[in-house]
Amino acid sequence: MNLVLHNTFKDVDYLNPLAILDEKAMLAFRIDLLLLVLRTTMTIVAYIVAKRLMRSGIFWAILVFLFPPISLIILGLMDIKIDSNLKKNLDHHRTNYFVETVKIKNDYKNGVSKENNLKDMIEGCKRKHQELLTKALYARNIEIENNKIVDWMHDATKCPACGTKVDLKDKICPNCELYLE
């Protein structure tokens, strides 16, 4: 577009403003347009991936639009943002699942396993580890909720029954009328 603005407009066909561009300029314009479409596509993909990784989609979309190569590499190397205890639990179950499936495959290959269907054995292993992981995640969720409740109960500026903010000198909650003393 800068080429269009810098050229003289004496021989301009006003019905087709791109007519004044020569072949090299037109090729450069097409390449720039292609790069803009590619950058926009990468931005949309980065937004979707960042949301799946529980990150800020808008932040990563802007970062990828401005600095595509390096920000895409960084985003690609990121892991899901989760609680550290949950991450340890997840890694533990992934490792156990991997070790068990390798053992099943080796036993099947060496003829130790009596079952005929390798896929069924691996699916059974997968179900077992999914159930264990679900139980562990549920237990961690309950632990987090209990910690929130304990924190909430020990906050003297909130009513322990309804959570309404109260003054330290109040004897009765203004919302639920619970005696606070």
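See the structure shown above.
Please read all numbers here as calculations on a predicted model, not as lab measurements. (Residues numbered from 1 in each chain as written. Predicted model: local features only at pLDDT ≥ 70, side-chain atom pairs only at ≥ 80, totals over all residues. Heavy atoms only, no water.)

### Overview of helix H2 (residues 23-52)
Point 1. Look at H2: 43 Å from first C-alpha to last across 30 residues, which is about the 44 Å you get at 1.5 Å a residue.
Point 2. Following H2 by one or two positions, Met 54 adopts a phi angle in the positive range, close to 60°. (Helix = DSSP H or I, 4+ residues; strand = E, 2+ residues; numbered from the N terminus. Expected span 1.5 Å × (residues − 1).)

### What to know about the side chain of Thr 101
Point 1. Inspection of the secondary structure puts Thr 101 in helix H5 (residues 84-110).
Point 2. Ignoring any residue separated from it by four or fewer positions in sequence, one finds Thr 101 in contact with Ile 122 and Cys 125. (Contact = heavy atoms within 4.5 Å.)

### Brief notes about the nonpolar core
Point 1. In this structure, Ala 46, Ala 50, Leu 53, Trp 60, Val 64 and Leu 75 together form the largest nonpolar core, which totals six residues.
Point 2. Discounting residues that sit within four places of it in the chain, Ala 50 has contacts with Arg 55, Ser 56, Gly 57, Trp 60 and Leu 75. (Core = buried A, V, L, I, M, F, W, Y, C linked by side-chain atoms within 4.5 Å. Buried < 20%, exposed > 50% of the residue type's maximum accessible area, 1.4 Å probe, protein only.)

### Quick notes on the pattern of salt bridges
When their charged atoms lie close together, side chains carrying opposite charge are able to pair.
Point 1. Going through the model one piece at a time under the given rule, you end up with three salt bridges.
Point 2. Arg 94 is the partner of Asp 91 in a salt bridge, and the nearest nitrogen-oxygen pair spans 3.9 Å. Of this pair, Asp 91 and Arg 94 both sit in helix H5, three residues apart, which is roughly one turn of that helix.
Point 3. According to the relative accessible area criterion, Arg 94 is partly exposed, its value standing at 48%.
Point 4. Two residues, Glu 100 and Lys 128, come together in a salt bridge whose shortest N-O distance is 3.0 Å. Here the residue Glu 100 occupies a position in helix H5, and Lys 128 occupies one in helix H6 (residues 118-153), the gap between them amounting to 28 residues. (Salt bridge = Lys/Arg side-chain N within 4 Å of Asp/Glu carboxyl O.)

### A look at the environment of Tyr 97
Point 1. Here Tyr 97 is to be found in helix H5.
Point 2. Distance from Tyr 97 to Gln 130, taken between C-alpha atoms, is 9.2 Å for residues 33 residues apart in sequence.
Point 3. In contact with Tyr 97, not counting residues within four places along its chain, are Ile 122, Cys 125, Lys 126 and His 129.

### Regarding unusual backbone geometry
Point 1. Notably, Met 54 is not glycine yet its phi reads approximately 60°, a positive angle.
Point 2. When you line up the elements, Met 54 lands in the loop between H2 and helix H3 (57-66).

### Quick look at the packing of H2 against H3
Relative orientation and spacing of two packed helices are given, respectively, by the angle between their axes and the distance between those axes.
Point 1. Relative orientation of the contacting elements H2 and H3 amounts to 150°, with a least axis distance of 8 Å. With respect to their mutual orientation, H2 and H3 come out roughly antiparallel. Of the two possible hands of crossing, H2 and H3 adopt the one that is right-handed. Seen from H2, the contacting residues are Leu 36, Arg 39, Thr 40, Met 42, Thr 43, Ala 46, Tyr 47, Ala 50 and Lys 51; seen from H3, they are Gly 57, Ile 58, Trp 60, Ala 61, Val 64, Phe 65 and Leu 66.
Point 2. When the residues that make up the contact of H2 with H3 are grouped by side-chain class, the tally is eleven nonpolar, three polar and two charged. (Axes fitted to C-alpha atoms, helices over the stretch in contact; angles between N-to-C directions. Parallel < 35°, antiparallel > 145°, perpendicular 65-115°, else oblique. Left-handed = near helix turned anticlockwise from the far one by under 90°. Nonpolar A, V, L, I, M, F, W, Y, C, P; charged D, E, K, R; others polar.)

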